[in-house]
Amino acid sequence: MRVLEKRFETLLLHSVEKNKKPIKSKITPIYQTSAFTFDHLDELEGFFQGEGNYLYSRTGNPNTDELGQAVAAIEGAPAGVATSSGLSAILAGVLAVVRSGDHIVAADDLYGGSFHLLKEELNQLGIKTTFVSFSNLDEVEQAIQPNTKLLYTESITNPLLRVENLEAVVNLAKKHDLKTLVDNTFATPFHCNPYLQGIDLVIHSATKYIGGHSDVTAGVVVGGEDLVGQARAKIVNLGANVSPFEAWLTSRGLKTLALRMKCQSFNARKLAEKLSSNPNIAKVYYPFNETEEGFGAMVTIEVSKNIDINQFFKSLSWVKIVPTLAGVETTVSHPLTTSHRALPVEASAALGITKEVVRISVGIEHHEDIIQAFEKAIENSVH
Ligand SMILES: *Cc1c(COP(=O)(O)O)cnc(C)c1O
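Residues numbered from 1 in each chain as written. Predicted model: local features only at pLDDT ≥ 70, side-chain atom pairs only at ≥ 80, totals over all residues. Heavy atoms only, no water.

Section: the sheet that holds strand β12 (residues 357-361)
Part 1 of the reasoning: Taken together, 5 strands build an open sheet; the order of strands is β8-β9-β12-β11-β10 and the sheet is mixed. Taken across any chain shown, the strands that pair with only one partner, and hence form the sheet edges, are β8 (281-285) and β10 (320-321).
Part 2 of the reasoning: In this sheet, β12 lies alongside strand β9 (residues 298-303) in antiparallel orientation, the contact comprising 5 bridges. Paired with Ile301 across the bridge in β12 is Val358.
Part 3 of the reasoning: Strands β8, β9 and β12 of the sheet are contacted by helix α11 (residues 257-276), whose axis makes an angle of about 155° with β8. (Pairing = 2+ DSSP bridges. Helix = DSSP H or I, 4+ residues; strand = E, 2+ residues; numbered from the N terminus. Contact = heavy atoms within 4.5 Å. Axes fitted to C-alpha atoms, helices over the stretch in contact; angles between N-to-C directions.)

A closer look at the domain arrangement of the protein chain
How big an interface is tends to be stated in terms of accessible area lost as the parts join.
Part 1 of the reasoning: Here the protein chain is partitioned into domain 1 (31-86 + 200-255) and domain 2 (258-380).
Part 2 of the reasoning: Distance from the C-alpha centre of domain 1 to the C-alpha centre of domain 2: 33 Å.
Part 3 of the reasoning: Taken together, the contacts link 9 residues of domain 1 with 12 residues of domain 2.
Part 4 of the reasoning: Summed over both sides, the interface between domain 1 and domain 2 buries roughly 780 Å², with carbon and sulfur atoms accounting for 53% of that surface.
Part 5 of the reasoning: Remark: the boundary between domain 1 and domain 2 carries 0 salt bridges.
Part 6 of the reasoning: Per-class residue counts for the side of domain 1 that touches domain 2 are 3 nonpolar, 5 polar and 1 charged. (Domains from an automatic or database assignment. Buried area = accessible area lost by both parts, 1.4 Å probe. Salt bridge = Lys/Arg side-chain N within 4 Å of Asp/Glu carboxyl O. Nonpolar A, V, L, I, M, F, W, Y, C, P; charged D, E, K, R; others polar.)

With respect to the sheet that holds strand β4 (residues 148-154)
Part 1 of the reasoning: The 7 strands are arranged β1-β7-β6-β5-β4-β2-β3 in an open sheet whose pairing can be described as mixed. The open sheet has two free edges, formed respectively by β1 (79-83) and β3 (128-132), since each of these has just one partner strand. The sheet shows a mean angle of 20° between the axes of neighbouring strands, taken without regard to direction.
Part 2 of the reasoning: The pairing of β1 with strand β7 (residues 219-223) spans 5 bridges and is classified as antiparallel. Bridging from a neighbouring strand, Ala82 pairs with Val220 of β7.
Part 3 of the reasoning: Helix α3 (residues 62-75) rests against β1, β6 (201-205) and β7 of the sheet, and its axis sits at about 130° to β1.
Part 4 of the reasoning: Where helix α9 (residues 225-238) meets the sheet, its contacts fall on β1, β5 (179-183), β6 and β7, and the angle it forms with β1 comes to roughly 20°.

Some words on the site of the ligand
Part 1 of the reasoning: Every residue lining the ligand is accounted for by Ser85, Gly86, Leu87, Ile90, Tyr111, Asp183, Thr185, Phe186, Ser205, Thr207, Lys208 and Ala218.
Part 2 of the reasoning: Taking Ser205, its side chain carries an N or O atom lying 2.8 Å from an oxygen atom of the ligand.
Part 3 of the reasoning: Look at the ligand: alone it shows 380 Å² of surface, and the protein chains cover 91% of it.
Part 4 of the reasoning: Top element by residues in the shell around the ligand is helix α4 (residues 86-95). It accounts for 3 residues.
Part 5 of the reasoning: The class makeup of the residues in the shell around the ligand is 5 nonpolar, 5 polar and 2 charged. (Near = heavy atom within 4 Å. Polar contact = N/O pair within 3.5 Å; in protein donor to acceptor, adjacent residues only side chain to side chain. Areas by Shrake-Rupley, 256 points an atom, 1.4 Å probe, with all protein chains shown as cover.)

A few points about the environment of Leu161
Part 1 of the reasoning: Here Leu161 is to be found in the loop between β4 and α7 (166-175).
Part 2 of the reasoning: Residue classification places Leu161 among the buried positions, given a relative accessible area of 6%.
Part 3 of the reasoning: Apart from the residues lying within four places of it in its own chain, the contact partners of Leu161 are Ile156, Phe186, Tyr285, Tyr286, Pro287, Met298, Val299 and Thr300. (Buried < 20%, exposed > 50% of the residue type's maximum accessible area, 1.4 Å probe, protein only.)

Considerations on the nonpolar core
Nonpolar side chains in soluble globular proteins tend to end up buried together.
Part 1 of the reasoning: If you look at the biggest cluster of nonpolar residues, it comprises 57 residues, and the most contacted ones within it are Val299, Ile301, Phe312, Ile360 and Phe374.
Part 2 of the reasoning: Structurally, this core is a two-domain feature, drawing no fewer than three residues from each of domain 1 (31-86 + 200-255) and domain 2 (258-380).
Part 3 of the reasoning: Those residues in contact with Phe312 that lie beyond four places of it in its chain are Ile301, Ile307, Val358, Phe374, Ala377, Ile378 and Ser381. (Core = buried A, V, L, I, M, F, W, Y, C linked by side-chain atoms within 4.5 Å.)

A short note on the packing of aromatic side chains
Part 1 of the reasoning: Taken as a whole and judged by the stated rule, the model has 8 aromatic pairs.
Part 2 of the reasoning: A centroid spacing of 5.5 Å and a plane angle of 40° characterise the contact between Phe36 and Tyr54, whose relative ring orientation is tilted. Here Phe36, found in the loop between α1 (8-14) and α2 (41-48), pairs with Tyr54, found in the loop between α2 and α3; they are 18 residues apart in sequence, far enough to count as distant.
Part 3 of the reasoning: Judged by relative accessible area, Phe36 falls into the buried class, the value being 18%.
Part 4 of the reasoning: A relative accessible area of 21% places Tyr54 in the partly exposed class.
Part 5 of the reasoning: Geometrically, the ring pair formed by Phe38 and Phe47 is edge-to-face, given 6.4 Å between the ring centres and 70° between the ring planes.
Part 6 of the reasoning: Classification of Phe38 by relative accessible area gives partly exposed; the value is 23%.
Part 7 of the reasoning: Looking at Phe47, the relative accessible area reads 21%, which means it is partly exposed.
Part 8 of the reasoning: Put simply, the rings of Phe38, Phe47 and Phe48 pair up and form one aromatic cluster. (Phe/Tyr/Trp six-rings, centres within 6.5 Å; stacked < 30°, edge-to-face > 60°.)

Pasting the structure below:
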């Protein structure tokens, strides 16, 4: 009788020797593994002496490293680290700079989730934030206290698409010896490179344009080696790492960022131009003055009071209501009842976010069809 080489149970696990020789796959494979192997103690010691390689996926994985490094490269920064979400990237970025007892001055029109992170969670940990309008840097300067460590704003704000004057923010920070953090999610590294302009830490919700296909939740922190090293330690200790598969998907999406942004920004500008002359639209928010080709793919409109807003959303046919942005499909959201829901109505009104405000994430469809979808919806909802 023939017999198995080892017993059945053992063969299930140990029949094939792994990683025998490097396989030169064209694309980085997905290292879907929680940990890495070592053949002898010297090899293990070598890891701790900084000889590269990997130990445990929470502390480092080739797919997550690839994503962090790729975004750092296109931001012109020496270092980058990927995280489980945009919010965990912000948490890690902020904690890389501040400790309990420190103070932050942040823009009052930050993304809703970031606002909550600072106002609720970090506040409870003894990190206080003053929110002020960054469109007036005198106000920002007045808010600086002796324990202030960080200025925090966004390169293009949500949903009214104000473009930040990063040079002025950097100068103010230098004057008071503060660090700066910029959320570059809306602008993307295609349009704006805050690190090259002197910002210390740049964060992205890679869930948005970096990934670009609405199929992952991920984030990235980029900047200098020191601060990104601090952010990496927070991610490791807080367990805010991204999974290898999600990092792989995000890196895959990133390759077409330039193609997507060229097309989406072009479409956005065309749409914004067309809607600007529509008599039933009171206001169009788009950074027209930045470039001829378009600056970002978000367009925000305020429809006139004679538009039935419910009817408008119903009439958008293939353009769906989606509470996110930056995918390849054109989508819309209603900031007042979604991203700014938690704000008191007066606070939203003060920011200019009324019931009539609609945020459009412009996709890669043909621009004529996008324009037509919005013109038809307006036409169908006049009352
Ligand atoms: C979505 C978003 C975030 C949060 O990112 P998540 O990936 O959802 O955690 C932060 N900042 C901006 C500007 C965003 O649009």
